[in-house]
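As a plain string of letters, each chain reads:
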Amino acid sequence: MPVVIFFSCVRKNVVLQSDHVVLEAALSDTEKQKFNEKNEELHRRFSSEQCEQFHGFNILQTNFSQDYVEQACKVICPVPRSNRPKRIQLVGFLSLLNAYVPGSYLLENQCLDLFKHKDYTSGDLTLEDRMKPFSNLIITFQQDPSSEKRVRMAHPMIAQCCTELMAEAGVTRSDTASNVLDHLCRDEVPPFLLGFVKDMLTKREMKMKENPINSTEITEEPERFSRLILDIQKKESETESASVLKLASKKFDQNPFFPQALARFYYIELKDYNQAELWANRAKQRDPQNSFIADTLGQVHKNHLKNTESPIKTREILQLATKAINAFKDEERLAENKQETDMKEDDETNVSSIFNTSGQFGYLQVCNLVYDRLVSQNETWKGVLTKAVPIKSVLELPRDNQFDDLIKSLRDEVPKKCAFFDKYLSYSKPDMNKDDPSYLYEDIAECYRKYVRNSPPEHVKEKGADFIQKLEQNVIDTSAGPLSCLDGEYSKSELKEIITQWEEISLRKDSVTALVNYIFAHVMLMNRGEVLPHECKSLTAFRKKMPLSTDESPESHMLALLLYWPTDGEDKCASVGQLIECMRLSYEQAYEKYLRSRHLCPLFFIGKAQGLNRIVHRKTLEGLFERNNDTIQDWSNNWSSEKIFKDPMVQDRLLKVDGVVRNYRLYATVGGTKIRVDANMRNSLWKHRQVSFYLGFTIRGPVAFGIQTKTAQRAEDSETKTELHDITTEPAVRMKFGASCRKIDSSDLTKLQPEVIKVDDVNTFSLQSDAGQYECSVSALRWVCKDKVSFTYQFRSWEEHMKRPLCKGYMQAGPLLDISVTSGNLEELHLPNWICIDRNVTMSDMFAVLHVDASGSVVGNVVEPVPVVTTSHIMFSQPTFSPKGIMIRKKPGIPIYCDVLIYKRSKEFLTLDVYLVPRDPALKQEVEQNSCGSVIISKPGPDKSLQMGDNFLLTTDQADVIIQPSTRELRYDSRNVFEVFIRNADSDFTLRLESEQETVWTCTIQKGDYQNQSTDRVQGAGGGAEDAGPSRCPAT
């Protein structure tokens, strides 16, 4: 079987030791020999002078020799400090960009513009001629034949050397950076150049950090500032660094990232908190909805409070604390906004994949600072901040009453934010190979101890006091229950105390969550080896609560799955699919917003025992693994590599589950029934095979760990069972697939043109066919029938349905079709979609189908997973008929196929409406209605998929043209149009649609396209371009 290997390469100055393959700037002996042989060949084919200019090859052949680079760069010496020729300035600009932004470039036209000066009268000279004698240090290239020429230095090492030589000659990095901003960023700056400048001044590289306690523990963290700003600070001065950032902030007066970096520099390096506050506020004004930008203002005030030297007045402490807390609360509010934006390298915004918790954590850090600074002045503040002592004990002046609400709120807010982080840190971590930093846990625990906890009972250790105190005060968030404390290493006496408290809570509160918490408290104790004399009292009560609704917590659904997961001989399979789907929906409502970008940790596993004893916690497995391994454990690596499942004691404790991998999906097979589960290691799903694995549960649902191919005999036995009872249990839907469940080859299809019946401006499309396989030429709807069939369909509007809670988290992926069969039967129905899944087969998991209640009742609408996904359609076998539409889960960067629709309006001068829309026939119909009376200019759309939410720039090579607006965001909207106005059009011209990275569509509009009066006109509400004819729009 062919295998494609993708290399994910990251350019770094410092490389951590890890399991990754590191590509080094050094040649092996074999490589040296081959390069020497190639060098001899080149000298035979080319002159010595030509060979000396092959800098990229020569640098490799000399094993990245710095001496070679310095010799090559001597051509620019001496560098004049003033009155530098334009060619020297251009070398400086390119060197600085290439030295600090790998892959950066300038357009040839931009370079030539620098020479537009009275001293340069020969306008026909090429850039190469103008740059002599430095021409061999730069290269000019094209990405494709239709793109503009690009210019960069011949090699990054040459760029770095030139930058250093210029700095030594007095042309500093800050001078060159300022000149780049002054000369290249004068008017409207191209998006690609803005991205390069932004990276050069604001992108923070990762650096190694050694744990001072454990020298073997090395982590990565971002540098304080970009490499260029740090180099200017180190080699010149802090003032120059701030000056460059200030100039960029003024040049790009709408961009928030430059003032954000400047504010950070002021408060971190210069300790000028007033200037830092000023620039942090400017950054917020430029992007008021971005919580990541808002965080900077909170950090300014927090650090001002932290670093103000004693003695400091109480009033000043509370004033700074108020500013900081208000800033962090505003940041938290913005993060909760579902339209949260994220920073992208191209400086555009997109729906963030990361939930920003810095506002809540910053709040707790400020609370710690307030506590420490106030208590150091007066011990009475301990009682005031915990509401044990009235405020007037420490604040007597009337003018200080303004701080009453702040002080009272701290005691109430701290436990809420600590409860959030209890779940956040227990259920997830940044990614599979990385843990959250230790200071996060330490600061949160310290804040809780200061504001909430009283002295713990004598029999309770320090580490268990926090959680038990929450229980005793009945302030714990019962939706998370004891799961958020399972990572704590509590003693058995502490666990018994916890059970006692949960029992009292469950007796007071008649709720499912109270029962679940009490049961999980028993599970905790049993995982520590305690043998309980009788079954948990609440277990029977919990079973009576089944089935659970999706409104119950994910923890409740997880307990149900752990208890009801079937083993061979148990007839529970039918309900498991529904339980999995309910847990997933509950997770989406409760936690997906907060954990969407994070790796979900396994909480429990299915063991070999029965009842509650078969629920095995993650910490129990880690304890078993540590008994057989004396060395200090790297738990992130043990879990990510699944090394823990190779331990004999762990294997002996867990139940092995049989399964099968099909079409990059994993199914657990129990008694012949297949149950869909996720895989911890997605690279285990590349091959169809019989497998076995251990079943774990995250807060989202079941996950397979330690997937292994089964032996031939076991696989044969399992396959036999599956053939006897081949039912696929998908979440919330069980379908038996017949022989017709297959992908249709498009070459086998017969295309049919529908009859269009128009009543009250609504088009009804009518089709009839004999037995066979067909596709509608208007909607791309496909069907299979064994006998003659007749049916009609209409396009329905998505608008009212997408506003409903049922469709929350989804976006349209195909037309909403109302299909009615008038005679005969359809064996298969294939609904079209415009999503590109060629590059990502796992995207099929994201599809869903909306079934609209034919009666019009919103209550009857249903969203279900789709049965079969092909590259262009969703297939339904033996379909039922109600309005149906394909949706897909919202996610940044969904690739879709699009159309560019061009209409010529009847104006004195050439006016084109250029629409960029998803490839939706219903949307196309709306566009045609909006373009009533206009002339269609038919051109093919983009060949490649585009990403929903990206911005696109429309340009033309025609002079005297106005395009409004110049950029459009790709969205589902029939009004997504560019207006192109050309005053004196009298020739062919080219339209280009460009993303921030590349040209995605090009077409030539020929003179005859817009001057030919016989060109088809839109009918207003016609059925497509095929139906175009004379305009029939009503008179206005």
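Look above for the structure.
The paragraphs below set out a description of the structure included in this document. (Residues numbered from 1 in each chain as written. Predicted model: local features only at pLDDT ≥ 70, side-chain atom pairs only at ≥ 80, totals over all residues. Heavy atoms only, no water.)

Helix-helix packing: each pair is described by the crossing angle between the helix axes and the interaxial distance. For the pair helix H23 (residues 512-527) and helix H25 (residues 554-564), interaxial distance at closest approach is 9 Å and the crossing angle is 55 degrees. Taken together, the axis directions place H23 and H25 in an arrangement best described as oblique. In this structure, the crossing between H23 and H25 has a hand that is left-handed. For the pair H23 and H25, contact is made by Val512, Thr513, Val516, Ile519 and Phe520 and by Glu555, Ser556, Leu559 and Leu562, respectively. Within the contact of H23 with H25, the residues separate by chemical class into six nonpolar, two polar and one charged. (Axes fitted to C-alpha atoms, helices over the stretch in contact; angles between N-to-C directions. Helix = DSSP H or I, 4+ residues; strand = E, 2+ residues; numbered from the N terminus. Parallel < 35°, antiparallel > 145°, perpendicular 65-115°, else oblique. Left-handed = near helix turned anticlockwise from the far one by under 90°. Contact = heavy atoms within 4.5 Å. Nonpolar A, V, L, I, M, F, W, Y, C, P; charged D, E, K, R; others polar.)

This next bit is on the sheet that holds strand S30 (residues 868-869). Consider a sheet: its strands pair through backbone hydrogen bonds, and that pairing is either parallel or antiparallel. The strand order across the open sheet built from six strands is S19-S22-S23-S27-S31-S30, with neighbouring strands paired in mixed fashion. Of all the strands in the sheet, the pair left with one neighbour each is strand S19 (750-752) and S30. (Pairing = 2+ DSSP bridges.)

Turning to the nonpolar core, a few remarks are in order. Counting 91 residues, the largest nonpolar core has Trp381, Tyr451, Phe542, Trp565, Leu666 and Phe693 as the members making the most contacts within it. With 74 residues, the next largest nonpolar core counts Val91, Phe134, Ala263 and Tyr267 among its residues. (Core = buried A, V, L, I, M, F, W, Y, C linked by side-chain atoms within 4.5 Å. Buried < 20%, exposed > 50% of the residue type's maximum accessible area, 1.4 Å probe, protein only.)

Looking along a regular strand, one sees the side chains alternate between the two faces of the sheet. Sheet topology places strand S20 (residues 755-759) next to strand S21 (residues 762-769); five bridges connect them, and they run antiparallel. When the sheet's bridge partners are listed, lysine 758 is paired in S21 with asparagine 763. Counted between consecutive antiparallel strands, the loop separating S20 from S21 contains two residues, among which aspartate 760 sits at a positive phi close to 55 degrees.

So, about the sheet that holds strand S1 (residues 106-107). Pairing is antiparallel across the open sheet formed by three strands, whose spatial order is S1-S3-S2. Each edge of the open sheet carries a strand with a single partner, namely S1 and strand S2 (138-141). Where S2 meets strand S3 (residues 150-153), four bridges bridge the pair, whose relative direction is antiparallel. Paired with isoleucine 138 across the two strands is methionine 153, which belongs to S3.

On to the pattern of salt bridges. A full pass over the atoms with the stated rule returns 39 salt bridges. In this structure, lysine 251 engages aspartate 182 in a salt bridge whose closest nitrogen and oxygen atoms are separated by 3.7 Å. Placement of the pair is lysine 251 in helix H12 (residues 238-251) and aspartate 182 in helix H9 (residues 173-184), with a sequence separation of 69 residues. Given a relative accessible area of 30%, lysine 251 falls into the partly exposed group. Residue classification places aspartate 182 among the partly exposed positions, given a relative accessible area of 32%. One connected set of salt bridges, linked through shared partners, spans Glu332, Glu413, Lys416 and Lys417. (Salt bridge = Lys/Arg side-chain N within 4 Å of Asp/Glu carboxyl O.)

Going through the model one piece at a time under the given rule, you end up with 32 aromatic pairs. Seen from their ring centres, phenylalanine 355 and tyrosine 594 are 4.8 Å apart, and the 85 degrees between their planes marks the pair as edge-to-face. Here tyrosine 594 lies in helix H27 (residues 592-595) and phenylalanine 355 lies in the loop between strand S7 (349-351) and helix H17 (358-377), a separation of 239 residues in the sequence. The same class applies to phenylalanine 355 as to tyrosine 594, namely buried. With 5.7 Å between their ring centres and 75 degrees between their planes, tyrosine 793 and phenylalanine 795 make a pair best called edge-to-face. For phenylalanine 795, a relative accessible area of 14% corresponds to the buried category. Residue placement shows lysine 417 over the ring face of tyrosine 363; its charged tip is 4.5 Å from the ring centre. Over the ring of phenylalanine 909 we find arginine 983, and its NZ or CZ is 5.1 Å from the ring centre. (Phe/Tyr/Trp six-rings, centres within 6.5 Å; stacked < 30°, edge-to-face > 60°. Lys NZ or Arg CZ within 6 Å of the ring centre and 35° of its normal.)

This part takes up the side chain of asparagine 98. By the element assignment, asparagine 98 lies in helix H5 (residues 86-100). Asparagine 98 gets classed as buried once you look at its relative accessible area, which sits at 8%. Discounting chain neighbours no more than four positions away, the residues touching asparagine 98 are Ser104, Tyr105, Arg152, Met153 and Ala159.

Here we take up the environment of lysine 38. The topology assignment puts lysine 38 in helix H1 (residues 29-45). With a relative accessible area of 36%, lysine 38 lands in the partly exposed category. For the pair formed by lysine 38 and glutamine 61, sequence separation is 23 residues and the distance between their alpha carbons is 8.8 Å.

Attention now moves to H9. In a regular helix each residue adds 1.5 Å, so 12 residues correspond to 16 Å; H9 covers 16 Å between its end C-alpha atoms and thus fits that length. For H9, the tally of buried residues reaches nine of 12 residues, placing the bulk of the element in the interior. For H9, the full list of buried residues reads Arg173, Ser174, Thr176, Ala177, Ser178, Asn179, Val180, Leu181 and Leu184. (Expected span 1.5 Å × (residues − 1).)

Examined against the element boundaries, glycine 824 turns out to sit in the loop between strand S26 (816-823) and strand S27 (828-832). When the C-alpha positions of glycine 824 and phenylalanine 791 are compared, they lie 8.6 Å apart, and in sequence the two are 33 residues distant. Contact partners of glycine 824, with chain neighbours within four places excluded, come to Lys788 and Val789.

Packing of helix H13 (residues 257-270) against helix H14 (residues 273-286) brings their axes to within 8 Å, and their N-to-C directions diverge by 160 degrees. The angle between the axes of H13 and H14 places the two elements in the roughly antiparallel class. The way H13 lies across H14 gives a crossing that is left-handed. On H14, the residues touching Pro259, Gln260, Leu262, Ala263, Tyr266 and Tyr267 of H13 are Tyr273, Gln275, Ala276, Trp279, Ala280, Ala283 and Arg286. Tallied by class, residues from the contact of H13 with H14 come to 10 nonpolar, two polar and one charged.

The next subject is unusual backbone geometry. Omega for the peptide link from cysteine 77 to proline 78 comes to -5 degrees, which places this bond in the cis form. Tracing the chain through its elements places proline 78 in the loop between helix H4 (66-73) and H5. At asparagine 663, a position not held by glycine, the phi torsion is positive, near 50 degrees. Here asparagine 663 is to be found in the loop between strand S12 (656-662) and strand S13 (665-670). One non-glycine residue, glutamine 878, lies in the positive phi region at around 50 degrees. By secondary structure assignment, the location of glutamine 878 is in the loop between strand S31 (873-877) and strand S32 (884-889). On the accessibility criterion, glutamine 878 (51% relative accessible area) is exposed.

Just distances and angles here, no functional claims.
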